[in-house]
Amino acid sequence: MSEPLETTLTYYGISPWEIEVVYGYLNSHFTVIQNEIEPNDEDFVSVLEMDFPLAFNEAFFQWFEFKRWEKIKAIFKEMKRRRGSGNALKIKINFAGYPKIAFIIDTVERQWFDNAMEKIDFVLELLPYHLDPQKLPNEITEIIYKFDAKSIRWRLNTALAEKKKFTFRGDSWKEIT
């Protein structure tokens with residue numbers, strides 16, 4: 001029998017009840033490692049980072065089960081509701097794979113936070129276009145998406161290579177020095 005996959009929850013400012021609920025949704029598919037840390041982002045009261053050891057693709061959602069994913073999204077939206085507007089909650093969801101895919105949800109308004117949570121799954125349809133090797137800088141190991149409240153959609157934000165960092169502006173990647 002193979003070892004269960006491990007997922008990690010790294011957080012601060014999250015209530016024991018909230019962590020227990022997230023843990024419950026993950027525990028049937030993963031061994032869950034919890035790391036409560038000291039606050040490290042002065043802009044946010046609560047931060048939760050979740051690492052999935054699987055790639056962000058259709059197979060993940062079929063394996064993890066769409067219903068369970070919807071419950072995860074619902075608890076994140078409830079966490080935001082409980083904290084109100086402002087920079088109260090930041091969530092980062094990391095997926096393994098090549099390249100790694102990460103989503104950062106840190107919108108101020110609850111409406112846009114909820115909208116961001118609902119639209120994560122739709123990025124799947126854009127991945128073949130976004131990950132086209134003709135359009136990406138060379139040797140990218142991680143792509144980071146951020147939700148853009150102005151356009152109400154997920155946008156490519158940052159790409160990381162071994163010793164380089166790129167930002168997506170307009171319709172192209174620019175190296176950050």
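Residues numbered from 1 in each chain as written. Predicted model: local features only at pLDDT ≥ 70, side-chain atom pairs only at ≥ 80, totals over all residues. Heavy atoms only, no water.

*Asks:* Before we go on, may I ask you to explain the sheet that holds strand β5 (residues 100–105) in this structure?
*Replies:* Note on sheets: strands pair through backbone hydrogen bonds, and any given pair is parallel or antiparallel. One open sheet holds the nine strands; their spatial order is β2-β1-β3-β4-β5-β6-β7-β8-β9, and the pairing between them is mixed. A single partner strand is all that each edge strand has here, and the edge strands are β2 (30–36) and β9 (172–176). Taken over all neighbouring pairs, the strand axes of this sheet differ in orientation by 20° on average, direction set aside. When strand β6 (residues 140–148) meets strand β7 (residues 153–161), the two strands line up antiparallel, connected through eight bridges. Its bridge partner being in β7, Lys146 is matched across the sheet by Arg155. (Pairing = 2+ DSSP bridges. Helix = DSSP H or I, 4+ residues; strand = E, 2+ residues; numbered from the N terminus. Axes fitted to C-alpha atoms, helices over the stretch in contact; angles between N-to-C directions.)

*Asks:* What am I meant to see in the environment of Glu175 here?
*Replies:* Take Glu175: it is sitting in strand β9. A sequence separation of 15 residues divides Glu175 from Leu160, and the C-alpha atoms of the two residues are 9.7 Å apart. Ignoring sequence-local partners within four residues, the contact set of Glu175 consists of Lys164, Lys165 and Phe166. (Contact = heavy atoms within 4.5 Å.)

*Asks:* Just checking my understanding: could you explain helix α4 (residues 110–119) for this structure?
*Replies:* What sets the pattern is the α-helix's 3.6 residues per turn: residues three or four places apart point alike. Taken residue by residue, α4 has Phe113, Asp114, Ala116 and Met117 as its buried positions. Angularly, the buried residues of α4 cover 155° about the axis, an arc narrow enough to put them on a single face. Against α3 (66–83), β4 (89–96), β5, β6 and β7 lie the buried residues of α4. (Buried < 20%, exposed > 50% of the residue type's maximum accessible area, 1.4 Å probe, protein only. Arc of directions from axis to C-beta.)

*Asks:* Whenever I open this one, the packing of aromatic side chains confuses me. Can you help?
*Replies:* What describes a pair of aromatic rings is the distance from one ring centre to the other and the angle between the planes of the rings. Counted by the stated rule, this structure contains 21 aromatic pairs. Taken together, a centroid distance of 5.7 Å and an interplanar angle of 50° make the contact between Phe30 and Phe52 tilted. With a gap of 22 residues between them, Phe30 in strand β2 and Phe52 in strand β3 (residues 46–55) connect regions that are remote in the sequence. The class for Phe52 is buried, based on a relative accessible area of 3%. Ring centres of Phe52 and Phe64 lie 5.9 Å apart, and the angle between their planes is 70°; this geometry places the pair in the edge-to-face category. Of this pair, Phe52 sits in strand β3 while Phe64 sits in helix α2 (residues 58–64), and the two are twelve residues apart along the sequence. The positively charged end of Arg68 is found above the aromatic ring belonging to Phe64, 5.9 Å away from the centroid. (Phe/Tyr/Trp six-rings, centres within 6.5 Å; stacked < 30°, edge-to-face > 60°. Lys NZ or Arg CZ within 6 Å of the ring centre and 35° of its normal.)

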